[in-house]
Each structure stands twice: as C-alpha cells, then as structure tokens.
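This is what each chain is made of:
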Amino acid sequence: MGRVSAFADPEIIKLASEKFIPVTVDDWYQRRRQDAEGRFFIKVANQGPRKGQGGSTRQGIYCLTADGELLAFKNAGNSAEVTREQLNLALAKFKKLPDSRRLPGAVAIESFGKPDANYVRTPPANGLILRVHGRILDKKDGEVCKADCDFPGGDRASRDFLWLTANESKALIPKPELGYSYSLPTAVTKRIARFCLIDNTRGEPEFWKGTDVRKADFSLKVTSVTPEKIEVSLMGKALLADEEDLAVAKRGYDCSLMGRLTYDTAKAKFTRFDAVAVGDHWGATTYTQKGVRPGRTLYGVAFGLPLIERPGDRVSPQAAREWNEYLRPN
Amino acid sequence: MNRLFWLSGFVTFVLMTVLPGIFQRSAIAQGDALAFPIDEAPFQKMLKEIRPKADEDTFDTIPWQISLWNARILAAKEGKPILLWEMDGHPLGCG
C-alpha cells in the first residue's frame, strides 16, 4: 500500500531519489532466501530490533551502507515525519564514515554466486509483462467514475502484474487474417480470473480458488490487418464466486472483459495491450474487510503494457509466491 | 403464543425472501448497463478511470531498484547509502 505511505511526501521523494540508492523488496521473499542477498539482508537486519524470531516479518525502512552497516531503522512507513528524521539521521552518520567506506568506488562488492531459485522470481524470458490496476467504481450521470471509500487509500488504484510465459505470449500472436478467432491459453485465462480479477484495493486479499471460477471465457478476434500491424479485440466474461449459488455467495465478481491489442509485425511484439474488466463485486476476505462497500458494487480492473523500461516493472505478481500454481493454475 | 409464532414466521419470511430480492435488483442494475463492446473513446475513459492518476502514485517517481544486491553495487559505485523499503507484499506490486 505504497500509495498512502511516507514515500508520497515530496521532501522524502527528493531525499530518496538524490541522496540514497532506493530499493524496495517483498519481505516474504527477502527473509527466506538462502543466497548472498538473503544473507546480506539478515546480517543488516540483525543489527536492528527486527530479529525475525521464528521466521516472522522483518518489514520496515532500513538505511544502510554498501558494506552492510545499518545506519537507521524504523517501521513507520506511514509517518512522513518519522521517515524524514530517519533519513536525515542516516545521512549524517554516513557522512562521518571514513573515505574508504563511502567515496564512490571505495567499497568492493563480492560476487553474488547462485541465486536461491525458490525465492527469486524473474519475468519469463521472451514472455509478456502486463501492469494490472484495480479500482472501486461508481456511476454518475450514467458514466463510470471512481468511487469513494472509508478506508484510507481504498479509493485509489491498486497495482499488480501479470506474467505470461514465452509459449503463452506466442499463442497470443494473431494470424494476419481478418475475422480470425482464437482463445487465450487455458492457463492464462485461469491466471487472469484467479489472480487478477480480485479487489486488492484495501490490502492483500485471498486469491480465488480454482473452484471459485464459475465461468471464465476470453476470446480474441482479428479486426484489422495491414502490412505493418494486426489489430485484435479481446472479449469475454468471468464469474468468480465462493459459492455456486450466487444468492448465498459471500464474495464474488461478475464481470465483462474487453480489450484492444496491436501486434506490430516488424517488431514482432505487442505494442498495445489495453483491456478492462468491469462488473459487480461483492464481499471481502479476512484482511480486506475494513472499508468494504456493502452489497454489489462496481469494480474495474485495467490491464496494460508497462509504460517505460524500468526495474519497478519487473516486480513479480503477488500471486507468484506460489510459483508452480501461478504457472499452472487449476 | 400462537400469534407470536405466526408474527416471527412472517418477519423471517420477509427477511429471507423479499429483502434479498430488492437487494439483488438494485445491485444488478449497476453492472447491467455496461454492455461491451464499446467505442474507443468510452473505452479509453474507462481505462483512465481505473488506472492511477498522475498525482496518485507519487511514491513511484522514486527510481526504485528491486534488488538489494544491485542497490549495493550502485551504492558502492556512486558513494551513497542505501534506502531499503522492506514490506510484506511488494510496495510496487501488492494492492
């Protein structure tokens, strides 16, 4: 929930961007990984109050040196005042270090070795990365618009990613034939339904189970062909519910999906992948109850290509913690 | 006793049948009007409504690295300290 954190504060943004090397990670992976990065992190974290007893969380904001000294730590990501104070304290400490530990090029970083494949996720080679945003919606004068929420930040867009493997991406490439129809690969359909069509605007929800997918049918159709590009429409419907009988289902999402894709034949890649799912959502899970709107209300999910090449767009999808299930959802 | 029995039965009947029916009708009305496909302009508007606004995700303007090891290498090269934001659920991709 970075959108309502101290990192939205203009002074902190400036400090973080100019005076530090900013890095952000998912503690679920970081505290578990058994490789050079994992060991380095534990060495730093153990200098602070978060010892991770019993494998517990080590989340917080750490300021550290490249050679592994903890300069400051707080777990107060929602307080701009505390975070600003912490960053300034760390900078003051850093300035007092000898030249041999702080000047550019002074510290030598050892070689990394082998990454822990169990807890390192990298986008599939030659696959496709899509940004996924969800938002609670409303209707005003017949037009869809953003809705209000009692939960802090609950009215803002959520963020996640969708990864497709090389084979799955290849299966999306259209034939240059007007009207040609084809379906999304089954694994992609299930991945979208179970892991993307969720309301994650008020925290981490539980993902849909395979049995919750009552309907998920997405198909593609070529709508235009030129020597340079092929335009494709994506249409479909999905019904997710924790009970077969919708009258008693405590949580559900009944939505329609529409998308417009452009495949650039010269570049051999999709240059447009815009899609929206919109429909009625109801209910919440254990950690997302606060601020949930009563009854069935409009909820939307938007898919799109990353805007620019940057590390932040290579963050793994939230559901990818269970990697095998992510790749082959039931 | 007999009247109380019938009264409680009537209230239960109303709660279990009539009210959910009203609720369902009002709810279905929300999504019903969204019949896809739609033209490019309303499609773009819908995407815009859902995606983050320009001023919504300012924390994302920070040039975040996503590997602590890469951050170490950059910090050593540039002579800067590291700022590590560690959260259960990735801050850039978790809700």
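A brief report on the enclosed structure follows. On a predicted model such as this, the values are computed, not experimentally measured, just so you know.

### Points about the overall build of chain A
So, step 1. The number of helices and strands found in chain A is 8 helices and 12 strands.
So, step 2. In terms of principal-axis extent, the alpha carbons of chain A reach across some 70 × 50 × 40 Å.
So, step 3. In chain A, which comprises 330 residues, the proportion classed as buried is 53%.
So, step 4. Looking at chain A as shown, the accessible area adds up to about 15,100 Å², and 50% of this sits on carbon and sulfur atoms.
So, step 5. With 52 positive and 42 negative side-chain charges, chain A shows a spacing of 3 Å between the two charge centroids.

### With respect to the pattern of salt bridges
So, step 1. Inspection of the entire model under this criterion finds 33 salt bridges over all chains.
So, step 2. For D9 of chain A, the salt bridge goes to R84 of chain A, with nearest N and O atoms at 3.1 Å. Residue D9 of chain A is located in the segment before helix 1 (10–19), and its partner R84 of chain A is located in helix 4 (residues 80–95); the two are separated by 75 residues in the primary sequence.
So, step 3. According to the relative accessible area criterion, D9 of chain A is buried, its value standing at 16%.
So, step 4. Two residues, R321 of chain A and E204 of chain A, come together in a salt bridge whose shortest N-O distance is 3.8 Å. Of this pair, R321 of chain A sits in the loop between strand 12 (297–304) and helix 8 (323–327) while E204 of chain A sits in the loop between helix 7 (186–196) and strand 8 (213–225), placing them 117 residues apart in sequence.
So, step 5. In this structure E204 of chain A comes out as partly exposed when scored by relative accessible area, which is 30%.
So, step 6. Via salt bridges that share partners, D26, D27, R31, E204 and R321 of chain A together with D88 of chain B belong to a single interconnected network.

### Quick word on the sheet that holds strand 1 (residues 82–87) of chain B
So, step 1. Judged by pairing direction, the sheet is mixed, and its 4 strands sit side by side in the order 1(A)-1(B)-2(A)-3(A) without closing on themselves. Either end of the sheet is taken by a strand with one partner, and the two such strands are strand 1 (21–26) and strand 3 (70–74) of chain A. Taking the axes of each pair of neighbouring strands and ignoring which way they run, one obtains an average angle of 15° across the sheet.
So, step 2. Summarising the sheet, strand 1 of chain A and strand 1 of chain B pair through 6 bridges and their orientation is parallel. Each residue of the ladder has a partner; that of T24 of chain A, found in strand 1 of chain B, is W85 of chain B.
So, step 3. Sitting on the sheet, helix 3 (residues 68–78) of chain B touches strand 1 of chain A together with strand 1 of chain B, and the angle it makes with strand 1 of chain A is about 170°.

### Describing the interface of chain B and chain A
So, step 1. Contact with chain B, which involves 62 residues of that partner, is made by 99 residues of chain A.
So, step 2. Here chain B packs against chain A, burying approximately 7,400 Å² in sum over the two surfaces, 61% of which is carbon and sulfur.
So, step 3. Run the count over chain B and chain A and you get 11 salt bridges.
So, step 4. In this assembly, chain B and chain A are joined by 43 residue pairs in polar contact (both at pLDDT 80 or more).
So, step 5. Of all elements in the fold, only helix 1 (2–32), helix 2 (40–50), helix 3 and strand 1 of chain B reach the threshold of two or more residues within the side of chain B that touches chain A.

### Thoughts on the nonpolar core
Residue and element names in this part refer to chain A.
So, step 1. F7, L162, I192, L197, L234, Y253 and F303 are the most contacted members of the largest nonpolar core, which has 72 residues in total.
So, step 2. Counting the residues that make up this core, at least three belong to each of domain 1 (4–119) and domain 2 (128–327).
So, step 3. Those residues in contact with L234 that sit more than four places away from it in its chain are L184, F218, S219, L220, L257, M258, G259, L261, F273 and A275.
So, step 4. Counting 21 residues, the second-largest nonpolar core is a separate cluster that includes F40, L64, F73 and V107.

### A closer look at the packing of aromatic side chains
So, step 1. Inspection of every chain in the model, using the stated rule, returns 18 aromatic pairs over all chains.
So, step 2. Their ring planes at 65° and their centres at 5.7 Å tell us that W28 of chain A and Y119 of chain A sit as a pair that is edge-to-face. Highlighted residues: W28 of chain A in helix 2 (residues 27–30) and Y119 of chain A in the loop between helix 5 (99–102) and strand 4 (128–140), separated in sequence by 91 residues.
So, step 3. Given a relative accessible area of 24%, Y119 of chain A falls into the partly exposed group.
So, step 4. Ring geometry for F112 of chain A against W69 of chain B: centres 5.2 Å apart, planes inclined by 80°, an arrangement best described as edge-to-face. Placement of the pair is F112 of chain A in the loop between helix 5 and strand 4 and W69 of chain B in helix 3, with the two residues belonging to separate chains.
So, step 5. Pairwise contacts between aromatic rings join W163, F195, F207, W323 and Y326 of chain A into one cluster.

Reading the values: the criteria
Just so you know, the residues in each chain are numbered from 1, in the order the chain's sequence is written. Chains and ligands are labelled sequentially in the order written, the chains with letters from A and the ligands with numbers from 1. At least 70 in pLDDT is required for a residue's local features to be given in this predicted model, at least 80 for side-chain atom pairs to be given and counted, and no such filter applies to totals for whole chains, interfaces and linings, which use all residues. The side-chain values count all of the structure's non-hydrogen atoms but skip hydrogen atoms and water molecules. In this text, helices come from DSSP runs of H or I with a minimum length of four residues, and strands from runs of E with a minimum of two, each type numbered from the N-terminal end. Between buried and exposed lies partly exposed: a residue is buried under 20% and exposed over 50% of the maximum accessible area for its type, with that area taken using a 1.4 Å probe on protein chains only. What sets the accessible areas is the Shrake-Rupley method with a 1.4 Å probe; for residues, cover comes only from the shown protein chains. Asp and Glu count as negative and Lys and Arg as positive, but His and the ends of the chain are not part of the count. The atoms used to mark charge sites are NZ of Lys, CZ of Arg, CG of Asp and CD of Glu. For salt bridges, the criterion is a side-chain nitrogen of Lys or Arg within 4 Å of an Asp or Glu carboxyl oxygen. Paired strands, as defined in this entry, are two strands with at least two bridges between them according to DSSP. Axis definition: a line fitted to C-alpha atoms, over the contacting stretch in the case of helices. Angles run 0 to 180 degrees between N-to-C directions. By definition, residues are in contact when any of their heavy atoms lie within 4.5 Å. What counts as buried area is the accessible surface, traced by a 1.4 Å probe, that two parts surrender upon association, with contributions from both included. Nitrogen and oxygen atoms within 3.5 Å of one another constitute a polar contact, given that in protein one can donate a hydrogen and the other can accept it, and given that sequence-neighbouring residues count only through two side-chain atoms. By convention a nonpolar core is built from buried Ala, Val, Leu, Ile, Met, Phe, Trp, Tyr and Cys residues, the set being connected through side-chain atoms within 4.5 Å. Domain limits in this description derive from either an automatic procedure or a database domain assignment. Any two rings among Phe, Tyr and Trp, with Trp reduced to its six-membered ring, count as a pair given centres within 6.5 Å; such a pair is stacked if its planes are under 30 degrees apart, edge-to-face if over 60, and tilted if neither.

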